[in-house]
Amino acid sequence: MRMKFRMKKFYWLLLAAGLILALWGWKKLNAPKPQYQTLIVRKGELSQSVLATGKLDALSKVDVGAQVSGQLKTLSVEIGDRVKKGQLLGVIDPEQAQNQIREVEATLMELNAQRQQAQAEMRLAKVTLGRQQALAKKMAVSRQELDSAATELAVKSAQLGTIDAQIKRNQASLDTAKTNLEYTRIVAPMAGEVTEITTRQGQTVIAAQQAPNILTLADMSTMLVKAQVSEADVIHLHPGLRAWFTVLGDPSTRYEGTLKDILPTPEKVNDAIFYNARFEVPNPKGILRLDMTAQVNIQLGGKQDILTIPLSALGDATGDRRYKVTVLRNGETHEREVVIGMRNDTQVEVVKGLAQGDEVVIGQRLPENAR
């Protein structure tokens, strides 16, 4: 009896084990297969670049100031106006400069009259000296009288020289006064657009120590890009590299140029060191404006017609520039070893191990019903 019970228990255990095994096999056969994210290997272009953020400025920009003091009587332009070279921008009250001219001209008239008098007196002194010399030969005058006549001529000649020097000094003052009168007319030193007005009509400007700024002109036909490059990247840059940028308002349009220079003096931003790399771009339509933010890409180098795969396709490293990649073929995955070459932040060149048309795995995910 006991034997039958044991046998019965054994059969039940065997049946339960069989059911468990059958259930495991059914789940195995019906388990969802992983879905692979793949990419077909093709030839393409790979480039290395430095990314930076920059600001736009006008290539030619000048502060137009006043060289004389006075009240700004008229200002003929407003912000945004386009002006030509030599165009009148404003006028500083010319009365002071005009009065200075009149004063110096009056002084010159007085000095010229004094010069004429000095010339007449010198001619008289010269005639007197000649007469005294003739009489001295006849012993008709004393030596003292002869010396007095010679001294009188020398004094008159010196007086004439003093007046001539005063005339030259005042003539220079007159030229300065006339120049100051010209400076009361503020004209555009170049063609451009008025981007800022610092002094308004009616204000008084004082040019005693430095030329006060009236307004700012900028030639917007060519823009200068100042890209802030980190100290880690700046060592790879040099003039002549190809560069381009986009602006926030139009990220699909590229503006291209060639790197002009890298300024030697760095800027410190939150304890980080940046250097300004500069290049120029034409702006014929005037779309680009001052202080726009530029997303800059400076090309360091590149290769064309090479096999590339995403960095995400690389598996474990197996050696120097050697990695494992997973290839999908006929629904099955296989590991291969590849040798890589040039790389950037997203792509890598495959030198050996893959052929054009191979399907590499870059990721995998389970079907929706298995999650």
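Residues numbered from 1 in each chain as written. Predicted model: local features only at pLDDT ≥ 70, side-chain atom pairs only at ≥ 80, totals over all residues. Heavy atoms only, no water.

**Student:** Sorry if this is basic, but what is going on with the overall build of the chain here?
**Tutor:** Scanning the chain for helices and strands turns up four helices and 19 strands. For the chain, the proportion of its 371 residues judged to be buried stands at 30%. (Helix = DSSP H or I, 4+ residues; strand = E, 2+ residues; numbered from the N terminus. Buried < 20%, exposed > 50% of the residue type's maximum accessible area, 1.4 Å probe, protein only.)

**Student:** Looking at this model, I keep getting lost on the pattern of salt bridges. Mind explaining?
**Tutor:** Oppositely charged side chains are able to pair whenever their charged atoms sit close together. Taken as a whole and judged by the stated rule, the model has 15 salt bridges. The partner of Glu335 in a salt bridge is Lys324, with the nearest N and O atoms 3.8 Å apart. Of the two residues, Glu335 sits in strand E17 (residues 332-343) while Lys324 sits in strand E16 (residues 322-329), which places them eleven residues apart along the sequence. Here the salt bridges do not stand alone but share partners, grouping Asp57, Lys61 and Lys226 into one network. (Salt bridge = Lys/Arg side-chain N within 4 Å of Asp/Glu carboxyl O.)

**Student:** For this particular structure, what's the right way to read the packing of helix H2 (residues 95-137) against helix H3 (residues 143-183)?
**Tutor:** When two helices pack together, their arrangement is captured by the angle between the axes and the distance separating the axes. Put simply, H2 and H3 touch, their axes get as near as 8 Å, and they point 165 degrees apart. The pairing of H2 with H3 is recorded here as roughly antiparallel in orientation. Where H2 crosses over H3, the handedness of that crossing is left-handed. Grouping the amino acids of the contact of H2 with H3 by side-chain chemistry returns 20 nonpolar, 16 polar and nine charged. (Axes fitted to C-alpha atoms, helices over the stretch in contact; angles between N-to-C directions. Parallel < 35°, antiparallel > 145°, perpendicular 65-115°, else oblique. Left-handed = near helix turned anticlockwise from the far one by under 90°. Nonpolar A, V, L, I, M, F, W, Y, C, P; charged D, E, K, R; others polar.)

**Student:** Is there a simple way to think about the UniProt feature "coiled-coil region" (unreviewed entry) in the chain in this case?
**Tutor:** When the UniProt feature table is mapped onto this chain, "coiled-coil region" (unreviewed entry) is found at residues 94-128. Annotation note: span residues 94-128, helix share 97%, strand share 0%, distance between end C-alpha atoms 51 Å. (UniProt positions renumbered as here; feature names shortened; annotations may be inferred.)

**Student:** How should H2 be read in this particular structure?
**Tutor:** An α-helical segment advances 3.6 residues per turn. Residues three or four places apart therefore align on the same side. Counted at 1.5 Å a residue, the expected span for H2 with its 43 residues is 63 Å, and the 63 Å between its end C-alpha atoms agrees. The complete set of buried residues in H2 reads Ala97, Ile101, Val104, Leu108, Leu111, Ala118, Met122, Ala125, Leu129 and Gln132. In the core, the buried residues of H2 are packed alongside H3. Positive phi shows up at Met139, right after H2, with a value of about 60 degrees. (Expected span 1.5 Å × (residues − 1). Contact = heavy atoms within 4.5 Å.)

**Student:** Help me understand H3, please; the structure alone is not making it clear to me.
**Tutor:** Taking 1.5 Å of rise per residue, 41 residues should cover 60 Å, and H3 covers 60 Å from first to last C-alpha, within 8% of that figure. Residues of H3 that are buried in the fold lie against H2.

**Student:** Honestly, the sheet that holds strand E8 (residues 204-205) in this entry has me stumped. Any pointers?
**Tutor:** Note on sheets: strands pair through backbone hydrogen bonds, and any given pair is parallel or antiparallel. In spatial order, the strands read E6-E5-E3-E8; together these four strands make up an open sheet with antiparallel pairing. Two strands close off the open sheet at either side, each with one partner strand: strand E6 (185-187) and E8. Of the pairings in the sheet, the one linking strand E3 (residues 70-75) to E8 comprises two bridges and is antiparallel in character. Bridge assignment links Gln71 to a residue of E8, and that residue is Thr204. (Pairing = 2+ DSSP bridges.)

**Student:** Explanation requested: unusual backbone geometry in the structure shown.
**Tutor:** Phi is mostly negative for residues that are not glycine, and the peptide bonds are mostly trans. Even without being glycine, Asp305 reaches a positive phi, approximately 60 degrees. Assignment of secondary structure puts Asp305 in strand E14 (residues 293-310). For Arg321, which is not a glycine, the phi torsion comes out positive at approximately 60 degrees. Inspection of the secondary structure assignment puts Arg321 in the loop between strand E15 (317-319) and E16.

**Student:** Could you clarify how one ought to interpret the nonpolar core in this entry?
**Tutor:** It is characteristic of soluble globular proteins that their nonpolar side chains tend to be buried jointly. Formed by 25 residues in total, the largest nonpolar core has its most connected members in Phe245 and Ile298. Among the secondary structure elements, those contributing two or more residues to this core are strand E2 (42-65), strand E9 (213-230), strand E10 (242-247), strand E11 (250-262), strand E13 (272-282) and E14. Residue contributions to this core peak at six residues, all from E9. Residue contacts for Phe245: discarding those within four places in its chain leaves Leu56, Val225, Thr253, Arg254, Tyr255, Phe279, Val281, Leu288, Ala294, Gln295 and Val296. Val64, Val77, Val83 and Leu89 belong to the second largest nonpolar core, which has 18 residues in total. (Core = buried A, V, L, I, M, F, W, Y, C linked by side-chain atoms within 4.5 Å.)

**Student:** Explanation requested: the side chain of Thr216 in the structure shown.
**Tutor:** Structurally, Thr216 is set in strand E9. If we ignore the near neighbours within four places in the chain, the residues touching Thr216 are Lys61, Val62, Asp63, Glu193, Val194, Thr195 and Glu196.

**Student:** It is not clear to me how the pairing of E14 should be interpreted in this structure. Could you clarify?
**Tutor:** Regular strands place side chains that alternate from one sheet face to the opposite one. Where E2 meets E14, 13 bridges bridge the pair, whose relative direction is antiparallel. Looking at the pairing, Leu46 lines up with Lys303 of E14. Direction of pairing for E10 relative to E14: antiparallel, over a ladder of five bridges. If you follow Phe245 over to E14, its bridge partner there is Val296. Examined bridge by bridge, E14 and strand E18 (residues 347-352) share three bridges and lie antiparallel to one another. Across the sheet, the residue bridging to Pro310 is Gln347, located in E18.

**Student:** Please explain the packing of aromatic side chains as it appears in this structure.
**Tutor:** Centre-to-centre distance and the angle between the planes together describe a pair of aromatic rings. Counted according to the given criterion, the structure contains two aromatic pairs. Look at Phe245 and Tyr255: their rings are 5.3 Å apart centre to centre, the planes differ by 25 degrees, and that puts the pair in the stacked class. Taken together, the residues span a long stretch of sequence, with Phe245 in strand E10 and Tyr255 in strand E11 at a distance of ten residues. A relative accessible area of 0% means that Phe245 is categorised as buried. Given the relative accessible area of 13%, Tyr255 is considered buried. The interplanar angle of 55 degrees and the centroid separation of 6.2 Å between the aromatic rings of Phe245 and Phe279 together place this pair among those described as tilted. Of the two residues, Phe245 sits in strand E10 while Phe279 sits in strand E13, which places them 34 residues apart along the sequence. As far as burial versus exposure is concerned, Phe245 and Phe279 are alike and both buried. Put simply, the rings of Phe245, Tyr255 and Phe279 touch in pairs and so form one group of aromatic residues. The ring of Trp244 carries the charged tip of Arg254 above its face, separated from the ring centre by 3.7 Å. (Phe/Tyr/Trp six-rings, centres within 6.5 Å; stacked < 30°, edge-to-face > 60°. Lys NZ or Arg CZ within 6 Å of the ring centre and 35° of its normal.)

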